[in-house]
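Survey of secondary and tertiary structure
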Amino acid sequence: MIKITTTLTKTPKEMPPASKLGFGNYFSDHMFLAKFVEGQGWSDSQILPYGPIPMDPAAAVFHYGQALFEGMKAFRQENGQVVFFRPEFNYHRMKEGAERMCLEAPPLDLFMSGLHELVKVDQRWIPQGPNTALYVRPTLIGTEGFLGVRPSKETLFMIILSPVGSYYGEGNKPINIWTEENYIRAAPGGLGAVKAGANYAASLKPAWEAKKNGYAQVLWLNVDQQGIEEAGTMNIFFVFKNEIVTPALNGSILGGGTRDAIIQLLKSKNLPIVERRITMTEVLKGVQSKNLLEAFGTGTAAVISPIGGLHYRNQNLVINEGEWGQLSTDLYKEITSIQSGAMPDQFNWITALK
Ligand SMILES: Cc1ncc(COP(=O)(O)O)c(C=O)c1O
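The rules behind these values
Residues numbered from 1 in each chain as written. Predicted model: local features only at pLDDT ≥ 70, side-chain atom pairs only at ≥ 80, totals over all residues. Heavy atoms only, no water. Helix = DSSP H or I, 4+ residues; strand = E, 2+ residues; numbered from the N terminus. Buried < 20%, exposed > 50% of the residue type's maximum accessible area, 1.4 Å probe, protein only. Core = buried A, V, L, I, M, F, W, Y, C linked by side-chain atoms within 4.5 Å. Contact = heavy atoms within 4.5 Å. Domains from an automatic or database assignment. Buried area = accessible area lost by both parts, 1.4 Å probe. Salt bridge = Lys/Arg side-chain N within 4 Å of Asp/Glu carboxyl O. Polar contact = N/O pair within 3.5 Å; in protein donor to acceptor, adjacent residues only side chain to side chain. Phe/Tyr/Trp six-rings, centres within 6.5 Å; stacked < 30°, edge-to-face > 60°. Lys NZ or Arg CZ within 6 Å of the ring centre and 35° of its normal. Expected span 1.5 Å × (residues − 1).

1. Quick look at unusual backbone geometry
With phi around 55°, D44 is a residue other than glycine that occupies positive phi space. For D44, the position within the fold is in strand β3 (residues 41-49). A relative accessible area of 46% places D44 in the partly exposed class. Of note in this structure, V303 is not a glycine but carries a positive phi near 65°.

2. Description of the nonpolar core
Counting residues in hydrophobic clusters, the biggest one holds 32 residues, and the most contacted among them are F32, L68, F111, L115, V119, F157 and I159. Of all elements in the fold, only β2 (30-37), β5 (72-76), β6 (82-85), α2 (87-101), α3 (108-121), β7 (133-142) and β8 (154-164) reach the threshold of two or more residues within this core. A total of six residues in this core trace back to one element, the largest contributor, which is α3. Those residues in contact with F157 that sit more than four places away from it in its chain are F32, L33, A34, W42, M94, P106, L110, F111, P138, T139 and L140.

3. Concerning the domain arrangement of the chain
According to the domain assignment, the chain consists of domain 1 (5-165) and domain 2 (175-340). The distance between the C-alpha centroids of domain 1 and domain 2 comes to 27 Å. Contact residues are listed per partner, giving 21 residues for domain 1 and 23 residues for domain 2. When domain 1 packs against domain 2, close to 1,800 Å² is buried across both sides, 57% of that on carbon and sulfur atoms. Linking domain 1 with domain 2 are one salt bridge, by the criterion used here. Across the salt bridge formed by R86 and D260, the nearest N and O atoms sit 2.9 Å from each other. Seen at the junction of domain 1 and domain 2, the total is eleven residue pairs in polar contact (both at pLDDT 80 or more). When contributions to the side of domain 1 that touches domain 2 are tallied by element, the ones reaching two or more residues are β4 (67-69), β5, β6 and α2.

4. With respect to the packing of aromatic side chains
Applying the stated rule across the entire model yields 14 aromatic pairs. With a centroid separation of 5.8 Å and 15° between ring planes, the pair formed by F111 and F157 is classed as stacked. With a gap of 46 residues between them, F111 in helix α3 and F157 in strand β8 connect regions that are remote in the sequence. No difference in accessibility class separates F111 from F157, as the two residues are buried. Cluster of aromatic residues (ring-pair linked, three or more members): F32, F36, W42, Y91, F111 and F157. Above the face of the F146 ring, R150 is positioned so that its terminal group lies 3.8 Å from the ring centre.

5. A look at helix α7 (residues 326-340)
If you check α7, its first and last C-alpha atoms are 21 Å apart, about what 15 residues at 1.5 Å a residue would give, namely 21 Å. Among the residues of α7, L327, S328, L331, Y332, E334, I335, S337, I338 and Q339 are the ones counted as buried. G341 sits one or two positions beyond α7 and adopts a positive phi of about 90°.

6. Quick look at the pattern of salt bridges
Applying the stated criterion to the full structure yields 13 salt bridges. K120 serves as the salt-bridge partner of E117, at 3.2 Å between the closest nitrogen and oxygen. Of the two residues, E117 and K120 both sit in helix α3, three residues apart, roughly one turn of that helix. E117 gets classed as partly exposed once you look at its relative accessible area, which sits at 29%. Given a relative accessible area of 34%, K120 falls into the partly exposed group. The salt bridge involving E243 is made with R276; its shortest N-O contact spans 2.6 Å. In this pair, E243 is assigned in the loop between β12 (235-240) and β13 (244-247) and R276 in strand β14 (residues 273-276), connecting sequence segments 33 residues apart. Look at the salt bridges and you will find they share partners, linking E243, R276 and E282 into a network.

Dropping the structure here:
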């Protein structure tokens, strides 16, 4: 049993209307913190009013980038039950990432107790309405203050909550993405397969430039500038006439929980899903020959996001006339119906709030 000390806020905030939420703009009233110190273990598990945390200016996270995070969602189902979507998946990904980042992963019961207790305390922050959820952001950072490059002997585990609406602002329209050929996100042997803050630092400049030019995300290529990796915050799927392809997890791509769920769903329908290397040449040919029927990104934030346009080498490739395709529509409906409780959870993806 994990002992969690709870201090409730004396100034609860007003919850914004669902239509104003957007993504990641608001935070609930409380946060969960727990601390690890080498030789002493985990302690100080607590729920506190959401707010600033005191940090040593020499903390490893500020200088050597020891930061790793997760993203998952909680929903209030149609019968009022609060549920999480695949929290064990996020826990295991965080544990693997922590190992790569030389951070201490919390034990499973600490992670789950913090998650359940915090969401219980801040339940009123779960928004209601289509495309809304309570986004959960568990994070690990190295907090020991020292200079000199080595792993921090202290890790802070935090969970914060953000009520969210649609990720791409303009509702759920297919997005345009920019194929990036000047910058790469991650190289073999690097941090690409884990959810390290550093990957996002590397992505900010190209992603921001793409955004300024009207593209919602960047499509990342491999170091050879041909193999497709993933989109900014999503894995990617291409629906060809004879097969559905998603890039294989090659060590520099983040293995998404939504990607994994979509693969399971497609397999359960006996659809020809293949995880393999796929190149821009193949996608270009697919568009030209009309063999490529749909492309979509998958991620916790947007669930499924169809790609209506792909910019590549001075060309704007239009996919499925810039509209939602049949498969993207069906998969989106299926996953969101399992999340809302409208469809049975045959895959065991849903965990009820304790
Ligand atoms: C780089 C990157 N790839 C893929 C994903 C999709 O992962 P998931 O489906 O677990 O949200 C995300 C989102 O978290 C991401 O940031």
